[in-house]
Amino acid sequence: MHVSNMSCRVFAQTLAARVSNPGGGSAAALAGALGCALAAMSAGFTCGKPAYIQHEPRLAILITQADELREHLLTLIDDDAHYLKILMQTYQLPKSDPARSQRLQTALIQAMQSPFAMMHDICRAIDMLDELESICTPMLLSDVASGALLCRAALEAAWYNVVVNTRLFHDKAYAQSIEDECETMMRTYVPRSEDVAARVRAYMKGSS
């Protein structure tokens with residue numbers, strides 16, 4: 001059974017159990033997928049409202065993009081679980097095995113790729129939520145802010161799951177290039193997601 005096909009209850013129970021798989025990377029992908037789902041819902045409920053008719057073409061595009069990102073992030077839940085399993089199996093190889101070191105490096109690189117891809121997807125989702133904050137109905141702004149904060153948490157969680165692997169790479173130049181790209185995403189998109197939530201919070205306080 002794919003991790004992404006688990007019920008919410010089973011996923012949470014499995015994540016809480018004393019097993020290594022699924023782990024934090026799969027949880028990060030799920031949080032990002034939920035953020036994308038909230039983006040699609042916010043755009044979907046805004047479509048058809050007369051006051052937002054001028055935004056409908058753009059909203060339709062955002063719905064499609066959010067749905068695609070959600071599906072890709074769900075795929076990454078399973079990818080992360082798969083490569084984490086391989087990594088854990090590789091760690092169990094005898095240290096006397098001459099192939100262990102190279103196999104471990106390959107497994108570390110594979111385990112890094114899923115959370116790294118998550119980060120790129122989540123940044124795109126934050127861009128969409130940032131845009132939606134200004135073109136969706138006020139009734140959906142709480143969902144936009146919730147989506148932005150879910151994505152903010154997902155982005156940082158994915159970052160940890162990248163760096164836990166890159167710090168063990170033998171190729172330090174490659175590791176640094178990955179970490180530099182991640183740092184750029186973090187510096188840009190953590191504040192952006194927080195700003196979306198802050199704008200919604202200010203609106204709600206002003207309208208109460």
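Above this text is the structure in question.
Cut-offs applied
Residues numbered from 1 in each chain as written. Predicted model: local features only at pLDDT ≥ 70, side-chain atom pairs only at ≥ 80, totals over all residues. Heavy atoms only, no water. Helix = DSSP H or I, 4+ residues; strand = E, 2+ residues; numbered from the N terminus. Buried < 20%, exposed > 50% of the residue type's maximum accessible area, 1.4 Å probe, protein only. Contact = heavy atoms within 4.5 Å. Core = buried A, V, L, I, M, F, W, Y, C linked by side-chain atoms within 4.5 Å. 1 Å grid on protein atoms, 1.4 Å probe; cavity = no way out; pocket = protein on both sides within 12 Å on 5 of 7 lines; lining within 4 Å. Points joined across faces, edges and corners; volume = space filled by probe spheres on them. Nonpolar A, V, L, I, M, F, W, Y, C, P; charged D, E, K, R; others polar. Phe/Tyr/Trp six-rings, centres within 6.5 Å; stacked < 30°, edge-to-face > 60°. Salt bridge = Lys/Arg side-chain N within 4 Å of Asp/Glu carboxyl O.

1. Side note on the side chain of Ser114
So, step 1. Note that Ser114 resides in helix H4 (residues 100-135).
So, step 2. Its relative accessible area of 4% is what places Ser114 among the buried residues.
So, step 3. Leave out the neighbours within four places in its chain, and Ser114 touches Leu76, Asp79, Asp80 and Tyr83.

2. With respect to the nonpolar core
So, step 1. Formed by 60 residues in total, the largest nonpolar core has its most connected members in Met118, Met119, Ile122, Leu132, Leu155 and Cys182.
So, step 2. Every element with two or more residues in this core is listed here: helix H2 (24-46), helix H3 (56-91), H4, helix H5 (141-166) and helix H6 (172-207).
So, step 3. For this core, the element with the highest residue contribution is H4, accounting for 16 residues.
So, step 4. Setting aside residues up to four positions removed in sequence, Leu132 forms contacts with Ala39, Ala43, Leu59, Leu62 and Val144.

3. Observations concerning the layout of surface pockets
So, step 1. Considered as a void within the structure, the largest pocket measures approximately 180 Å³ in volume.
So, step 2. Along the wall of the largest pocket there are 15 residues; nearest its centre are Leu84, Leu87, Asn161, Val164 and Asn165.
So, step 3. Going through the elements one at a time, H2, H3, H4 and H5 are the ones with two or more residues in the lining of the largest pocket.
So, step 4. Broken down by element, the residue count for the lining of the largest pocket peaks at six residues, all from H3.
So, step 5. Broken down by class, the residue content of the lining of the largest pocket amounts to nine nonpolar, five polar and one charged.

4. Regarding the packing of aromatic side chains
Where two aromatic rings form a pair, the distance of their centres and the angle of their planes describe that pair.
So, step 1. In this structure the tally under the stated criterion is two aromatic pairs.
So, step 2. Here Trp159 and Tyr160 contribute two aromatic rings whose centre-to-centre distance is 4.8 Å and whose plane-to-plane angle is 70 degrees, an arrangement assigned as edge-to-face.
So, step 3. With relative accessibility at 18%, the residue Trp159 sits in the buried group.
So, step 4. Look at Phe169 and Tyr174: their rings are 5.8 Å apart centre to centre, the planes differ by 10 degrees, and that puts the pair in the stacked class.
So, step 5. Residue classification places Phe169 among the buried positions, given a relative accessible area of 1%.

5. Quick word on the pattern of salt bridges
So, step 1. Per the stated rule, a full pass over the model turns up ten salt bridges.
So, step 2. Across the salt bridge formed by Arg199 and Glu133, the nearest N and O atoms sit 2.9 Å from each other. Of this pair, Arg199 sits in helix H6 while Glu133 sits in helix H4, and the two are 66 residues apart along the sequence.
So, step 3. Look at Arg199 and you get partly exposed, because its relative accessible area is 27%.
So, step 4. Glu133 sits in the buried class, given a relative accessible area of 17%.
So, step 5. Salt bridges here are not isolated pairs; linked through shared partners, they connect Asp127, Asp130, Glu133, Arg192, Asp195 and Arg199.

Just geometry here; none of it tells us what the structure is for.
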